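# Coordinates in review
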Amino acid sequence: MTHPLETALQRDGVLVLDGALATELERRGADLSGGLWSARLLRERPELIAEVHRDYLDAGADVIITSSYQASVAGFVDAGASRDEAAQLIRRSVSLAVDVRDDWVRSHSNRRPLVATSVGPYGAVLADGSEYRGHYGLGHDELVAFHRNRLAVLLDAGVEVLACETIPSLTEARAIIEAMADWPQVTAWVSFSARNGEQVSDGTPAAECAAWLDNHEQVVAVGVNCTAVRHIAPLIGQLSSATDKPIVVYPNSGESWDAEQQRWRGSPSGTGFATLATQWRAAGARMIGGCCRTRPQDVADIARVLHPPTPSLEASHSR
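Anyway, here's the lowdown on the structure attached to this text.

About the criteria used
Note that residues are indexed from 1 along each chain, following the sequence as it is written. Local features in this predicted model are restricted to residues whose pLDDT is 70 or higher, and side-chain atom pairs enter the listing and the counts only when it is 80 or higher, whereas totals over whole chains, interfaces and linings include all residues. Where side-chain values are given, they derive from all heavy atoms of the structure, hydrogens and water being excluded. A pair of aromatic rings is counted whenever rings of Phe, Tyr or Trp (Trp by its six-membered ring) have centres within 6.5 Å, and the orientation is called stacked for planes under 30 degrees apart, edge-to-face for over 60 and tilted otherwise. Think of it this way: any DSSP run of H or I at least four residues long counts as a helix, any run of E at least two long counts as a strand, and we number them from the N terminus. Throughout, exposure labels follow a simple rule: accessible area from a 1.4 Å probe, protein chains only, divided by the maximum for the residue type, with under 20% read as buried, over 50% as exposed, and the rest as partly exposed. Note on pairing: two strands pair once DSSP finds at least 2 bridges between them. Criterion for a disulfide: a pair of cysteine sulfur atoms at a distance within 2.5 Å. It is the directions from the helix axis to the C-beta atoms whose arc is reported. The contact criterion used is simple: two residues touch if any of their non-hydrogen atoms lie within 4.5 Å. Here a polar contact is recorded for every N or O atom pair within 3.5 Å, except that within protein the pair must consist of a potential hydrogen donor and a potential acceptor, and residues adjacent in sequence are included only if both atoms are side-chain atoms. We call a crossover right-handed when, viewed with both strands directed away from the observer, the connection leading from the first strand over the helix to the second proceeds clockwise. When a carboxyl oxygen of Asp or Glu is within 4 Å of a side-chain nitrogen of Lys or Arg, the pair counts as a salt bridge. Throughout, nonpolar core names a set of buried Ala, Val, Leu, Ile, Met, Phe, Trp, Tyr and Cys residues whose side chains join them through atoms within 4.5 Å.

This part covers the packing of aromatic side chains. Ring pairs (aromatic) are described by centroid distance and by the angle formed between their planes. If you walk through the whole model with that rule in mind, you get 5 aromatic pairs. Aromatic pair Y122 and F146: ring centres 5.0 Å apart, planes at 85 degrees, arrangement edge-to-face. With Y122 in helix α7 (residues 122-126) and F146 in helix α8 (residues 140-155), this residue pair connects regions lying 24 residues apart in the sequence. Of the two residues, Y122 and F146, both sit in the buried class. Each ring, one from W189 and one from Y250, has its centre 6.1 Å from the other, and the planes form 85 degrees; the classification is edge-to-face. Highlighted residues: W189 in strand β5 (residues 188-192) and Y250 in strand β7 (residues 247-250), separated in sequence by 61 residues. Through a chain of ring-to-ring contacts, the aromatic side chains of Y122, Y136 and F146 assemble into a single cluster.

Moving on, we get to the sheet that holds strand β2 (residues 63-65). Strand order across the open sheet formed by 8 strands is β1-β10-β7-β6-β5-β4-β3-β2, with parallel pairing between neighbours. Of all strands in the sheet, those with a lone pairing partner are β1 (15-16) and β2, marking the two edges. As defined by bridge partners, β7 adjoins strand β10 (residues 285-288) across 3 bridges and the pair is classed as parallel. Among the inter-strand pairings, I247 is bridged to a residue of β10, identified as A285.

The tally for this structure, following the rule as stated, stands at 0 disulfides. Here C209 stays free of any disulfide, with the sulfur of C164 as its closest cysteine sulfur at 14 Å. Judged by relative accessible area, C209 falls into the buried class, the value being 0%.

Here we come to helix α11 (residues 232-240). Listed as buried for α11 are I232, L235, I236 and L239. All buried residues of α11 project into a common sector of 105 degrees when viewed along the axis, lining one side. Summarising the contacts, the buried residues of α11 are in contact with α10 (206-213), β6 (219-225), β7, α12 (273-283) and β10.

For the rest of this paragraph, the subject is the environment of D62. The residue D62 is located in the loop between α4 (46-59) and β2 in this model. Look at D62 and you get buried, because its relative accessible area is 10%. For the pair D62 and E178, spaced 116 residues apart in sequence, the C-alpha to C-alpha distance is 28 Å. With residues up to four places along the chain from it excluded, the contact list for D62 reads V14, L15, V16, R111, P113, L114 and H307. One polar contact links D62 to R111, side chain to side chain, over a distance of 3.5 Å.

Burial analysis of β6 places 7 of its 7 residues in the buried class, which makes it a mostly covered element. Relative to β6, β5 runs parallel, the two being bridged by 5 bridges. Paired with V190 across the bridge in β6 is V222. Between the parallel elements β5 and β6, the chain passes through α10 in a crossover that is right-handed. Of the crossover connections in this fold, the one passing from β6 over α11 to the parallel β7 is right-handed.

Time to look at the pattern of salt bridges. Inspection of every chain in the model, using the stated rule, returns 19 salt bridges. Across the pair R28 and E51 runs a salt bridge, and its minimum N-O distance is 2.8 Å. One end of the pair, R28, is in the loop between α2 (22-27) and α3 (41-44); the other, E51, is in helix α4, and 23 residues separate them in sequence. For R28, a relative accessible area of 22% gives the class partly exposed. Between R304 and D301 there is a salt bridge; the shortest N-O distance is 3.4 Å. Placement of both R304 and D301 in helix α13 (residues 296-306) is noted, with a separation of 3 residues, approximately one turn of the helix. A relative accessible area of 47% means that R304 is categorised as partly exposed. Assessed through its relative accessible area of 18%, D301 is described here as buried. Through salt bridges with shared partners, a single network forms among E24, R27, R28, E51, D55 and R295.

Within the largest apolar cluster, 88 residues are counted, with the highest numbers of intra-cluster contacts made by L25, F76, L162, V190, F192, V249 and W280. Filtering out sequence-adjacent residues up to four positions away, V190 remains in contact with C164, I167, A173, I177, L213, V219, A221, V222 and G223.

Note that all results are geometric; they support no functional claim without further evidence.
See the structure below:
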């Protein structure tokens, strides 16, 4: 059975992902303080999330990712919601993105972008930066239960593909895949956060992660995100050495998150995303976008080089 992401890759060869959601919302004046981060706006300002989704589609994204990365029933309950309302808000992250996409398609009938449902790591719910370490003090069964419960809510909204992203360890990836087994029709990409050009955040070799995921049919792509730009090219090499699955990469702008100080440090990469995307595509990546601190213009730059406009017949005759 061919699934939507596989169909899109077969058709287009390479896909453009969207860019940052939370940091783009902050640029537009949103208050993301508290443990819910961008998921907070599902309750307070869903129209702003919709605006960002739409801007990424206008920029050329083939895939937009939902605002469910940090959404959990426990997180919303801690913020004062009932359990029923919490589940409704989590499902809203999917329906909101789908509605924006469907509305966009009505005006742009030449293509139909995908909606990927974000599944963040357990550390994202803790909101303490532990998604960049991967050591939670939880056992395997506890991690499986956490992800199974959240998947049950998300999948009730209907999904085209899961984006299991910023996963810091092979341990958590295994737990997610075990939880997904309850829904064998669902497919996902699994994308790790990485500490360098060879290891994911907890120190496990990236190639080892890719080799393990290569054996699981529900995983349709493997990659890295929320990682420094300078590590992406070597990581593509590490991943592609261990799997034939498509490689997905969407790094940060070049800055890094200081969880203790709750601030971004460093400067954006001095190399533009058009150049970087060209390099990563040549290295073997087939899904390319941006993560924290990237913007619609970065996605437009990626789209311009990965999907260059076809010269019109009229333009060719004028030469």
